[in-house]
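These are the residues of each chain, in order.
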Amino acid sequence: MAKRKKRKQDSDYDGAWKETLRRYLRDLLRRYFPPIHAAIDWSVEPKWCDKELSQVVGKAKRRNQPVDVLVRGRLLSGSEQWILLHAEIQSSPEAGFERRVARYHSGLFWTYDQRVVTLVVLADLREDWRPGEDLFQVADFESRLRFPTCKLIDRLETDWRDDHALPVQVARAQIEALRTAGDPEGRYRAKWRLVRRLYDLGYNAEELREIFRLIDWMMHLTEPLSQRFEQELRELEETLNMPYVTSVERIAEARGEARGGVSLLLRLLGKVCGRLPEDVADRIRSLPFPQIEALGEALLSFQSLSDLQNWLDLNEGSAD
C-alpha cells in the first residue's frame, strides 16, 4: 500500500476558482453579474482565450494571487464580446488595485484591439474595501474605468442567504476558508457544517460529489483532521444510507488521476516546446488535476517554451 503524503492545511483557492469559472461560467454569471448574464447569447458556446490573456498578464508581478480568465462570447445583439473575469482573493489591503485592473483591461484592448468587459469578484473579508473605479485626472483631462464587482461577504448575507447553487457554495467555502486560515480546528468545524448541510438540500449524488470536491479542494485540513473528517463522513453516509461521497476512496482516486497523466503530458509538451527545464517540469507536476486537464487542452496553442511558461505564470495556483 502506497504511503500517504503528509498533508498540511494548504488550500488551492486559485485552482478551485479556475475550475468553477471554466465549468460553471453561465451559472456563475447568473448569480454574480446578472445584467451581463442577461446580455449574452448562450446558444453560442463561449471560447476561452488563455493564450491571449497570458500575453498581457502572464508576467505581471503581483503580491496577491488573483484568478483571471478571458472568454470570448456573443451578445444577444449579435456582436462578439470579450469578457475578463478577475477574482481577487486577499487577506490584506493592496494599494493600487484599481490601477492594476485598469492595466489588464487596457493591455487587452491595445494588444488585440478588442473592447473588453471587465468583471471583478472580491473574495476577501474586509467590509470597508470596495474598489470599483480607476480614475486619473489632470486639469480637464479625465480617464475613467468603472468595473462591476461582486463582493462575496455582502451577497452571502443578503440575496444569497438561502441560495444553494454551486457558485454560491463555492463562495461560502472561500469565505470560511479565509476566516479559518491558521485555525485547523476552526476550519474542520466550518467544513463539516458546509458539507453536512449538503445532505439536507436535495442534491443528487453527482451534484453533491461535485460541490464536495470543490469545497474539499478549497478547505484543506491537516492530515489528522482530514482522516477524522473522512471517518465521520463515512459514518454519516452509512446513517443516511446515502453513499454519495464516502470520500476516502473517491477523493484519493481523483487526486491520483493527475499523477497518472502527467508523464504523458510532459512527453507531449517536450515535443511541442522542446526539452523542458527541470524547474518547468516540476511546476507541471505540482499542478492539481483540473489544471493538468486545462494544460492539456491548451497544448496545441503553444509554439515555444515561453508560451508554456506564460501559461504556467497565469494559471498555477498558490497556497494559503
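To be clear, the structure that these remarks concern was listed above.
Residues numbered from 1 in each chain as written. Predicted model: local features only at pLDDT ≥ 70, side-chain atom pairs only at ≥ 80, totals over all residues. Heavy atoms only, no water.

**Focus on the overall build of the protein**
Rules: Each helix is a run of H or I in the DSSP string that is no shorter than four residues. Each strand is a run of E no shorter than two, and both are numbered from the N terminus. Burial classes follow relative accessibility: with a 1.4 Å probe on protein chains only, a residue under 20% of its type's maximum area counts as buried, one over 50% as exposed, and anything between as partly exposed. Here, residues are in contact when the closest pair of their heavy atoms is within 4.5 Å. The method behind every accessible area is Shrake-Rupley, applied with a 1.4 Å probe, and residues are considered shielded solely by the protein chains displayed.
If you tally the helices and strands in the protein, you get 14 helices and seven strands. Residues counted as buried form 50% of the 320 residues belonging to the protein. Across the protein, the fraction of contacts at a sequence separation of at least 24, relative to all contacts at a separation of at least 6, is 69%. Total accessible area on the protein is roughly 16,400 Å²; 49% of this is exposed by carbon and sulfur atoms.

**Quick notes on the pairing of strand S6 (residues 141-146)**
Rules: Two strands are counted as paired when DSSP detects at least two bridges linking them.
Pairing geometry for strand S5 (residues 133-138) and S6, over six bridges, is antiparallel. From the neighbouring strand, Phe136 faces S6, where its bridge partner is Ser143. Between the antiparallel neighbours S5 and S6 lie two residues, among them Ala139 with a positive phi of about 55°.

**Overview of the packing of aromatic side chains**
The test is simple: Two aromatic rings, drawn from Phe, Tyr or Trp (for Trp, its six-membered ring), form a pair once their centres lie within 6.5 Å of each other, and the interplanar angle then sorts them: stacked below 30 degrees, edge-to-face above 60, tilted otherwise. Whether a charge sits over a ring depends on NZ of Lys or CZ of Arg being within 6 Å of the ring centre and within 35 degrees of the ring normal.
Counted by the stated rule, this structure contains 10 aromatic pairs. Judged by centre distance (5.6 Å) and plane angle (45°), the ring pair of Trp82 and Tyr112 falls under tilted. You can see Trp82 sitting in strand S3 (residues 80-89) and its partner Tyr112 sitting in helix H5 (residues 97-112), a full 30 residues away along the chain. Its relative accessible area of 26% is what places Tyr112 among the partly exposed residues. Feature note: the residues Tyr188, Trp192, Phe212 and Phe229 constitute an aromatic cluster, connected by ring pairs. Across the ring face of Trp48, the terminal group of Arg22 is positioned such that the distance to the ring centre comes to 4.9 Å. Sitting above the plane of the Phe229 ring, Lys191 keeps its charged end 4.9 Å from the centroid.

**What about the pattern of salt bridges?**
Two side chains with opposite charge may pair up if their charged atoms get near one another. Applicable threshold: A pairing counts as a salt bridge when a side-chain nitrogen of Lys or Arg comes within 4 Å of a carboxyl oxygen of Asp or Glu.
Considering all chains together, one arrives at 23 salt bridges under this definition. Ionic pairing is found between Asp124 and Arg126, a salt bridge with its closest N-O pair at 3.6 Å. Arg126 shares its class with Asp124; the two are buried. One salt bridge connects Asp159 with Arg155, and the closest N-O pair in it is separated by 2.9 Å. Taking relative accessible area as the criterion, Asp159 reaches 46% and is therefore assigned partly exposed.

**As for helix H7 (residues 166-179)**
Note the following rule: Expected helix span is taken as 1.5 Å per residue step, with the number of steps being one fewer than the number of residues.
In a regular helix each residue adds 1.5 Å, so 14 residues correspond to 20 Å; H7 covers 20 Å between its end C-alpha atoms and thus fits that length. Among the 14 residues in H7, 13 count as buried, and that is most of the element.

**Quick notes on the packing of helix H8 (residues 184-198) against helix H9 (residues 205-218)**
Geometry of a packed helix pair, given as the angle between the helix axes and the separation of the axes. Filter applied, for reference: Helix axes use the C-alpha atoms of the stretch in contact, all axes being lines fitted to C-alpha atoms, and the angles between their N-to-C directions lie in the range 0 to 180 degrees. Here the word oblique covers every angle except those under 35 degrees (roughly parallel), over 145 (roughly antiparallel) and from 65 to 115 (roughly perpendicular). Amino acid classes used here: Ala, Val, Leu, Ile, Met, Phe, Trp, Tyr, Cys and Pro are nonpolar; Asp, Glu, Lys and Arg are charged; the rest, including Gly, are polar.
Close contact between H8 and H9 brings their axes to 10 Å; oriented N to C, the two are set at 170°. With respect to their mutual orientation, H8 and H9 come out roughly antiparallel. Contact residues: H8 offers Arg187, Lys191, Leu194, Val195 and Leu198, while H9 offers Leu208, Ile211, Phe212, Ile215, Asp216 and Met218. A per-class count over the contact of H8 with H9 returns eight nonpolar, no polar and three charged.

**Some words on the environment of Leu125**
Along the chain, the position of Leu125 falls in the loop between strand S4 (116-123) and S5. Residue class for Leu125 comes out partly exposed when judged on its relative accessible area of 35%. Distance from Leu125 to Leu152, taken between C-alpha atoms, is 8.6 Å for residues 27 residues apart in sequence.

**What about a nonpolar patch on the surface?**
As a reminder of what qualifies: Patches here are clusters of residues that have more than 30% relative accessible area and form no salt bridge, with a 9 Å joining cutoff for like charges and a 5 Å cutoff for nonpolar side chains (Val, Leu, Ile, Met, Phe, Trp, Tyr).
A cluster of nonpolar side chains, namely Phe136, Val138 and Phe141, defines an oily patch on the protein surface of about 300 Å² accessible area. Its location among the elements puts Phe136 in strand S5.

**Thoughts on the pairing of S3**
Most of S3 is tucked away: nine of the 10 residues are buried. Examined bridge by bridge, S3 and S4 share eight bridges and lie parallel to one another. Across the sheet, the residue bridging to Glu88 is Leu122, located in S4.

**Description of the nonpolar core**
Formally: Only buried residues count toward a nonpolar core, which is a set of Ala, Val, Leu, Ile, Met, Phe, Trp, Tyr and Cys residues joined through side-chain atoms within 4.5 Å.
In terms of nonpolar packing, the biggest core is built from 58 residues, with Trp17, Tyr32, Leu152 and Met218 touching the most fellow members. The dominant element in this core, judged by the number of residues it contributes, is H7, at eight residues. In this structure Leu152 touches Trp17, Tyr32, Val121, Leu122, Ala123, Trp160, Ala171 and Ile175, once residues within four positions along its chain are discounted. One finds Cys273, Ala281, Leu287 and Ala294 within the second-largest nonpolar core, a separate group that totals 18 residues.

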